[in-house]
Amino acid sequence: MLRSLLKLTWVEIKIFVREPMGVLGTVGIPVLIFLALGKTLGGAPEDASELPTFLGPQLPVFAAVFIAVGSVLSLVAIISIYREGGILKRLRATPLRPQIILSAHVLVKLLFTTVTIALLLLAGRRFFPVAPEASLFSLGLALLFTTVSILAIGFVIASVVPTARFAQPIGSAILYPMLALSGVLVSAEGLPAGWRVVANLLPLTHAVSLLQGIWTGAGWGDHLIEVAALILNFVICIALSAKIFRWE
Amino acid sequence: MSERPVVQVSDLRKTYGSTVAVESASFEVLEGEIFGLIGPNGASKTTIMECVEGIRRPDRGLISVLGLDPHKDIYKLQHRIGVQLQEAQLQKRIKVWEAVDLWSSLYPHTVDGEALLEQLGLTAKRGSWFMTLSGGQKQRLFIALALINDPEVVFLDELTTGLDPQARRAIWALVTSIRERGKTVLLTTHLMEEAERLCDRVAIIEHGRVIEIDTPQALVSKHCPERGVVFSCDLRDAGAGLRRIEGIEAVTEEGTSYRLEGRGEDFVSHVMRFLSDNEIQVRDFRTVMPTLEDVFLKLTGHGIRD
Ligand SMILES: Nc1ncnc2c1ncn2[C@@H]1O[C@H](COP(=O)(O)OP(=O)(O)OP(=O)(O)O)[C@@H](O)[C@H]1O
Ligand SMILES: [Mg+2]
């Protein structure tokens, strides 16, 4: 089982890098945009006060969440291409289970997300110094944790999206509103009360809150609610996707 | 071939929405035999096969494969069967050897993948991306993947579609060798020559029903007892004499060439005896025997169906 997972993951990594445009899109573009933004906006907190916070000091958190959302969308896209193309059907006639297939893709996405974010942090260090209190280990862990929990949402969407054409719109329709309410674009206090309740039910809100906390030097102990919410989200998503997974 | 059934299907029914694909199908495949499902397009061969493989869930009926229920025991069963689907794809950029290697990692017991590629003539293509293979090469790769776990039962849906005559013959030899190792094969095909050569028994499927099951020879003698003899000789107007041959039904004369049609196992011998008794010198002589194709057309009609 583990052997199959590792083998499939390795094969999918090789397949992924064989498509240069895909690699450029996932890793190259975000880093370039981030650098461009950082150069023009970052490093000067006093000017940045007039900008929305997500373009100011919070840019790294925004970038991380945005990249994670991008990974979810591409996870959904690739599974739907596999479903539509009959690749999943062929895999179905083997002892591979849907969770293994999805996990392999999640690992691939995770790997490239990690690479992208690490590059971002390295490249952006000049513009966005991490709060001195935050440990890099803690930050890395928080990034991994939030990315996995966001990818779990992708599990559910990827389990059912019928065709590749629908993958992008359906994925975006679910994720972008979550992103908008997550507190990374507009701070939670800025939302009307009703929307704030909705926002609190969405996993992305907790991911953003956790990341912002850790980024600014808070400890994990201050964010137990977020951690619990994200774990709950993960468990529900995995259980749900196992139930609703469609091979064709 | 033993008498032990390896695949048992009884009263299978499968609908897609309001379309009844399989009305009712029952058959058994015995251990060590090559069993063929033949029938026109849309007859439901693939549907029946996929229900047996556990890929589709039937609406009704009992299926057992190696004593296992293809639905409840699917993961146990998948280790012991090999499946080639009629329409399948792999990742566009997966290399041939990577696919074989991946498949090998999924099963506890496997055969040598490189040897299999060699046998299927894919060694030169082992480093090529799946998307760059020709149709026949893809087909051969899928056959390799179906055999990688040394399965006890192999399911081949349209195994030689798109293959050139050489490859087809190589696959036939491969399938025959699978049987020689005591394995069981369930296949579908549109090529009656293939069914006649390979299959120990065939089931003819029509509109989601099994209408006949038997050996190809038995089906031919049961449904198409007609025999034909074509010869040419210098004799003119021999028609009247020829019409007295036992079992004869029609004589067609075209100049010096004659075409006789009759029925019965002995018809050809009767013709030969007549020719020698009357000391008729023939310049060529050939028999026209009905084949499985004639049986197939007779039982399933000639027109193209939906
Ligand atoms: N996924 C599906 N959804 C709806 N109808 C289907 C589906 N698959 C097959 N059918 C219908 O079921 C019937 C049987 O199809 P099936 O593919 O089993 O036939 P077949 O005998 O394998 O045909 P062929 O010789 O062309 O491969 C057809 O009428 C087909 O339109
Ligand atoms: Mg078919």
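The rules we used
- Residues numbered from 1 in each chain as written.
- Chains lettered and ligands numbered in written order.
- Predicted model: local features only at pLDDT ≥ 70, side-chain atom pairs only at ≥ 80, totals over all residues.
- Heavy atoms only, no water.
- Helix = DSSP H or I, 4+ residues; strand = E, 2+ residues; numbered from the N terminus.
- Expected span 1.5 Å × (residues − 1).
- Buried < 20%, exposed > 50% of the residue type's maximum accessible area, 1.4 Å probe, protein only.
- Contact = heavy atoms within 4.5 Å.
- Buried area = accessible area lost by both parts, 1.4 Å probe.
- Salt bridge = Lys/Arg side-chain N within 4 Å of Asp/Glu carboxyl O.
- Polar contact = N/O pair within 3.5 Å; in protein donor to acceptor, adjacent residues only side chain to side chain.
- Nonpolar A, V, L, I, M, F, W, Y, C, P; charged D, E, K, R; others polar.
- Pairing = 2+ DSSP bridges.
- 1 Å grid on protein atoms, 1.4 Å probe; cavity = no way out; pocket = protein on both sides within 12 Å on 5 of 7 lines; lining within 4 Å.
- Points joined across faces, edges and corners; volume = space filled by probe spheres on them.
- Donors = N, O, S within 2.8 Å, 3.2 Å for Na, K, Ca; no water.
- Core = buried A, V, L, I, M, F, W, Y, C linked by side-chain atoms within 4.5 Å.
- Near = heavy atom within 4 Å.
- Areas by Shrake-Rupley, 256 points an atom, 1.4 Å probe, with all protein chains shown as cover.

A.B. asks: Sorry, what's going on with helix 10 (residues 203–215) of chain A here?
C.D. replies: Residue pairs three or four apart in sequence face the same way in an α-helix, which turns once every 3.6 residues. Residue and element names in this part refer to chain A. Under the 1.5 Å per step criterion, the end-to-end length of helix 10 is 18 Å for 13 residues, consistent within 8% with the ideal 18 Å. Of all 13 residues making up helix 10, 11 are buried, and the element is well covered by its neighbours. A positive phi of about 100° marks glycine 217, the residue just after helix 10.

A.B. asks: Explain the interface of chain B and chain A to me, please; I cannot follow it from the model alone.
C.D. replies: A common way to state how big an interface is: give the accessible area lost once the parts meet. Taken residue by residue, the interface counts 29 residues in chain B and 25 residues in chain A. Here chain B meets chain A over a buried area of about 2,600 Å², counting both sides, of which 58% is carbon and sulfur. Looking at the side of chain B facing chain A, the largest losses of area belong to Tyr75, Gln91 and Arg93 of chain B, adding up to 24% of the total buried there. Taken together, the links from chain B to chain A amount to six salt bridges. Among the ionic pairs, glutamate 50 of chain B bridges to lysine 89 of chain A, the shortest N-O distance being 2.9 Å. Linking chain B to chain A there are 11 residue pairs in polar contact (both at pLDDT 80 or more). Going through the elements one at a time, helix 2 (74–78), helix 3 (96–105) and helix 5 (135–147) of chain B are the ones with two or more residues in the side of chain B that touches chain A. For the side of chain B that touches chain A, the leading source of residues is helix 3 of chain B, giving seven residues. Of the residues assigned to the side of chain B that touches chain A, the class counts are 16 nonpolar, seven polar and six charged.

A.B. asks: Sorry, what's going on with the pairing of strand 9 (residues 209–214) of chain B here?
C.D. replies: Consecutive side chains along a regular strand alternate between the two faces of the sheet. Residue and element names in this part refer to chain B. The sheet contact formed by strand 8 (residues 201–206) and strand 9 spans five bridges and is antiparallel. From the neighbouring strand, isoleucine 204 faces strand 9, where its bridge partner is glutamate 212. Where strand 8 hands over to strand 9, the hairpin turn is made up of two residues, of which histidine 207 adopts a positive phi near 45°.

A.B. asks: For this particular structure, what's the right way to read the environment of aspartate 266 of chain B?
C.D. replies: All names here are of chain B. Here aspartate 266 is to be found in the loop between strand 12 (257–263) and helix 10 (267–277). By relative accessible area, which is 47% here, aspartate 266 ends up partly exposed. Along the sequence, aspartate 266 and glycine 247 sit 19 residues apart, while their C-alpha atoms lie 8.3 Å from each other.

A.B. asks: How do you make sense of empty space enclosed by the protein when you look at a structure like this?
C.D. replies: In this approach the atoms are scanned with a rolling probe the size of a water molecule, which exposes any empty space left behind. Residue and element names in this part refer to chain A. This model, assessed by the stated rule, comprises one cavity of 30 Å³ or more. By volume, the largest cavity is sized at about 90 Å³. In terms of lining, the largest cavity is formed by Phe34, Pro60, Val61, Ala63, Ala64, Ile117, Leu120, Leu121, Leu139, Leu143, Leu211 and Trp215. Counting only elements with at least two residues in the lining of the largest cavity, the list comes to helix 4 (59–84), helix 6 (98–124), helix 7 (136–160) and helix 10. When residues in the lining of the largest cavity are grouped by element, the largest group, four residues, is from helix 4. When the residues that make up the lining of the largest cavity are grouped by side-chain class, the tally is 12 nonpolar, no polar and no charged.

A.B. asks: I'm lost on the coordination of the magnesium ion (ligand 2) in this one. Help?
C.D. replies: Note on metal sites: the ideal angle is 109.5 degrees for four tetrahedral donors, and 90 or 180 degrees for six octahedral donors. All names here are of chain B. For the magnesium ion (ligand 2), the full set of protein donor atoms is Thr46 (OG1) and Gln86 (OE1), and the range of their distances to it is 1.9 to 2.0 Å. Here glutamine 86 lies in the loop between strand 5 (81–84) and helix 3 and threonine 46 lies in helix 1 (residues 45–53), a separation of 40 residues in the sequence. Accessibility expressed as a relative area gives 35% for glutamine 86, which makes it partly exposed.

A.B. asks: Honestly, the nonpolar core in this entry has me stumped. Any pointers?
C.D. replies: The tendency in soluble globular proteins is for nonpolar side chains to be buried side by side. Ranked by size, the top nonpolar core spans 146 residues in total, and within it Leu37, Ile48, Val65, Leu90, Leu141 and Phe155 of chain B carry the most contacts. Counting residues per element, this core draws most heavily on helix 4 of chain A, which supplies 15 residues. Excluding residues that lie within four positions of it along the chain, phenylalanine 155 of chain B makes contacts with Met49, Val52, Glu53, Val65, Ile81, Gly82, Val83, Gln84 and Leu186 of chain B. The next biggest cluster of nonpolar side chains, apart from the first, holds 16 residues, and it includes Phe267, Val268, Leu275 and Ile280 of chain B.

A.B. asks: It is not clear to me how unusual backbone geometry should be interpreted in this structure. Could you clarify?
C.D. replies: In terms of backbone geometry, most residues other than glycine have negative phi values and most peptide bonds are trans. Residue and element names in this part refer to chain B. A positive phi angle is found at serine 44, which is not glycine, with a value near 100°. When you line up the elements, serine 44 lands in the loop between strand 3 (34–38) and helix 1. For serine 44, a relative accessible area of 10% translates into the label buried. Of note, glutamate 158 is a non-glycine position whose phi angle comes to about 60°, a positive value. Here glutamate 158 lies in the loop between strand 6 (153–157) and helix 6 (165–180). The class of glutamate 158 is buried, set by a relative accessible area of 8%.

A.B. asks: Sorry if this is basic, but what is going on with the site of ligand 1 here?
C.D. replies: Residues and elements named next belong to chain B. The environment of ligand 1 is made up of 13 residues, and the closest members are Ser44, Lys45, Thr46, Thr47 and His190. Interatomic distance of 3.0 Å between a side-chain N/O atom of asparagine 41 and an oxygen atom of ligand 1. Within the side chain of threonine 47, an N or O atom sits 2.5 Å from an oxygen atom of ligand 1. Here ligand 1 has 640 Å² of accessible area as a free molecule, and 63% of this is covered by the chains. For the shell around ligand 1, the leading source of residues is helix 1, giving three residues. A per-class count over the shell around ligand 1 returns four nonpolar, seven polar and two charged.

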